[in-house]
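# An overview of the molecular structure
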Amino acid sequence: MKSFLRLARRYWLDALVLLGLGFALAGAVIGQGKTDGPTGPLWFDLLAILAILTPLFARRRFPFGAPAAVGVAVVLTSFVDERLVPFDFIIFLASCAAVFLIGLIRERAQAVAGLVLAWGVVAVVAYRDPIGNLDGFIAPSVIFGIIWTIAFALGRKFEEADEARERAARAEREREERARSAVTEERARIARELHDVVGHSVSVMTVQASAVRRLLRPEQQREREALLIVEQTGREALAEMRRMVGVLRRPEEAPALAPQPSLEHLGKLVEQAREAGLPVDLRVEGEPLPLPAGLDLTAYRLVQEGLTNALKHARAERAQVLVRYSDGDIEVTVSDDGQGAGSGDGGGHGLVGMRERVAVYGGELEAGPRPEGGYRLRAKLPLAPA
């Protein structure tokens with residue numbers, strides 16, 4: 001049924017043209033010999049009707065050429081059989097359809113030229129009609145003018161609708177591109193930060209291995225060799241990590257020399273938000289637990305992003321930060337009374353980046369308006385690897 005309706009919407013005019021073609025051919029045969037009927041010869045009239053109506057089937061491929069071909073065929077027919085065109089009402093309807101198609105053309109110069117051509121065709125037909133008069137020119141010209149005006153107005157509306165759809169599609173493509181760019185940049189940022197975290201840990205392991213190796217007794221040669229391998233492997237791993245992460249850094253970025261922030265620095269972050277004009281309430285529930293460095297950094301970044309959105313985008317007057325430690329996970333919630341979160345398109349931050357960070361540790365992220373008003377960013381991160 002859907003396929004039939006789709007075909008009907010696409011080919012309904014073709015079906016009418018085909019039906020009209022049958023009526024026009026029958027009318028030409030019946031009208032032969034009548035006082036005001038076509039003067040023939042009959043074979044020419046039948047071919048002329050085919051030449052007038054069939055170009056309408058090519059209207060999609062030739063938006064201007066097909067309707068213009070109808071007008072040319074009408075003019076040429078009038079020079080052989082002066083009465084066929086005025087006599088056959090189907091030809092008049094086909095001419096109306098051609099004028100309507102001309103009016104729909106996007107190119108305004110072509111649309112106007114098509115109307116002038118239609119009036120010229122009417123003038124030739126009226127002049128060649130042996131029993132015609134001035135009304136034979138005025139009435140069709142007025143009708144064609146009205147049809148063209150309606151079609152021209154519809155064509156502009158269709159054009160505006162197409163442009164609106166194109167703008168919407170372009171905006172959607174740009175939004176998806178920004179989202180992909182944000183994901184890529186945030187992943188690179190996560191990799192850089194994790195390099196600093198892991199690099200610090202590997203450095204500590206290497207230094208400890210070197211220190212233990214130097215404390216061994218001379219007869220502990222096998223232990224010394226094993227620790228030396230650990231030390232050399234650690235140094236090589238650090239060198240490889242620096243080279244690989246160097247590719248991810250922007251030219252203007254330098255390696256991070258200061259330790260990466262963690263939830264221990266949350267008080268300072270909250271104080272900075274207060275100094276910027278946003279009152280923030282900080283609450284910690286449960287017994288604070290030592291967290292893996294990467295997970296600790298992710299929790300800190302979540303609070304940082306939530307406060308940034310509340311301060312810069314949501315126009316909030318107050319915000320609340322809740323850190324809840326429980327068995328097996330840590331929950332971080334940032335709530336505000338503002339108008340909503342930021343776009344998350346700039347600099348790899350925003351919800352897109354936060355989802356990437358949370359996904360790294362197998363956590364869950366919820367973001368959206370609160371029933372009582374304002375906005376809430378909530379994340380639950382498992383303490384054990386997912």
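The rules behind each value
Residues numbered from 1 in each chain as written. Predicted model: local features only at pLDDT ≥ 70, side-chain atom pairs only at ≥ 80, totals over all residues. Heavy atoms only, no water. Phe/Tyr/Trp six-rings, centres within 6.5 Å; stacked < 30°, edge-to-face > 60°. Lys NZ or Arg CZ within 6 Å of the ring centre and 35° of its normal. Pairing = 2+ DSSP bridges. Helix = DSSP H or I, 4+ residues; strand = E, 2+ residues; numbered from the N terminus. Right-handed = clockwise from strand over helix to strand, strands pointing away. Axes fitted to C-alpha atoms, helices over the stretch in contact; angles between N-to-C directions. Contact = heavy atoms within 4.5 Å. Polar contact = N/O pair within 3.5 Å; in protein donor to acceptor, adjacent residues only side chain to side chain. Salt bridge = Lys/Arg side-chain N within 4 Å of Asp/Glu carboxyl O. Buried < 20%, exposed > 50% of the residue type's maximum accessible area, 1.4 Å probe, protein only. pLDDT = per-residue confidence, 0-100. Expected span 1.5 Å × (residues − 1). Bend = angle between axes of the 7 residues up to and from the residue. Parallel < 35°, antiparallel > 145°, perpendicular 65-115°, else oblique. Left-handed = near helix turned anticlockwise from the far one by under 90°. Nonpolar A, V, L, I, M, F, W, Y, C, P; charged D, E, K, R; others polar.

Turning next to the packing of aromatic side chains. The full count for this structure, using the stated rule, is 4 aromatic pairs. Through successive ring pairs, a cluster of aromatic residues spans Phe89, Phe92 and Phe144. Cation over ring: arginine 156 sits above phenylalanine 152, and NZ or CZ is 4.2 Å from the ring centre.

To continue, consider the pairing of strand β1 (residues 280-285). The side chains of a regular strand alternate, first on one face of the sheet and then on the other. Across 6 bridges, β1 lies against strand β2 (residues 319-326) in parallel orientation. Directly across from leucine 282, in β2, lies its bridge partner valine 321. Chirality of the crossover, the property in question, places the unit of β1, helix α10 (residues 293-313) and β2 among those that are left-handed.

Looking now at the sheet that holds β2. The mixed open sheet is built from 5 strands, whose spatial order is β1-β2-β3-β5-β4. The open sheet has two free edges, formed respectively by β1 and β4 (364-369), since each of these has just one partner strand. Each strand of the sheet is rotated relative to its neighbour by a mean of 10°, with strand direction disregarded. Bridge count between strand β3 (residues 329-336) and strand β5 (residues 375-382): 8 bridges; the pairing is antiparallel. The partner of isoleucine 330 across the bridge, within β5, is leucine 381. The sheet strands contacting helix α9 (residues 266-275) are β1 and β2, and the helix crosses β1 at an angle near 160°.

A word on the side chain of arginine 59. Mapped onto the secondary structure, arginine 59 falls in the loop between α2 (42-53) and α3 (65-78). Here the side chain of arginine 59 touches aspartate 14 through a polar contact of 2.8 Å, side chain to side chain. For arginine 59, the side chain forms a polar contact with the main-chain oxygen of leucine 56, separated by 3.0 Å.

To continue, consider the pattern of salt bridges. Tallying each qualifying case throughout the model produces 19 salt bridges. Among the ionic pairs, arginine 378 bridges to glutamate 331, the shortest N-O distance being 3.1 Å. Of this pair, arginine 378 sits in strand β5 while glutamate 331 sits in strand β3, and the two are 47 residues apart along the sequence. For the residue pair arginine 378 and glutamate 331, the accessibility class agrees, reading buried in each case.

We now examine the confidence of the model for the protein chain. Taken over all residues, the pLDDT of the protein chain has a mean of 82, while the share at 70 or more is 89%. In this model, residues 342-349 is a region of pLDDT below 50 whose contacts with residues beyond four sequence positions or in other chains number 15 contacts.

Here we come to the environment of valine 99. Within the secondary structure layout, valine 99 lies in helix α5 (residues 89-103). Given the relative accessible area of 5%, valine 99 is considered buried. Each C-alpha atom, one on valine 99 and one on glycine 145, is 8.5 Å from the other, the two residues being 46 residues apart in sequence. The contact partners of valine 99, leaving out residues within four places of it in the chain, are Ala118, Phe144, Ile147 and Trp148.

A separate point is helix α1 (residues 2-31). For α1, which comprises 30 residues, the first-to-last C-alpha distance of 42 Å matches the rise-based estimate of 44 Å (1.5 Å per residue) to within 8%. For α1, the principal kink sits at tyrosine 11 and spans about 65°. For α1, the set of buried residues is Leu13, Asp14, Val17, Gly20, Leu21, Ala24, Ala28 and Gly31. Those residues of α1 that are buried are in contact with α2, α4 (84-87) and α5.

At a minimum axis distance of 8 Å, the contact between α2 and α3 shows a crossing angle of 160°. By the angle class used here, α2 and α3 are roughly antiparallel. Where α2 crosses over α3, the handedness of that crossing is left-handed. Together, Phe44, Ala48, Ala51 and Ile52 of α2 and Val70, Ala73, Val74 and Thr77 of α3 make up the contact between the two elements. Tallied by class, residues from the contact of α2 with α3 come to 7 nonpolar, 1 polar and no charged.

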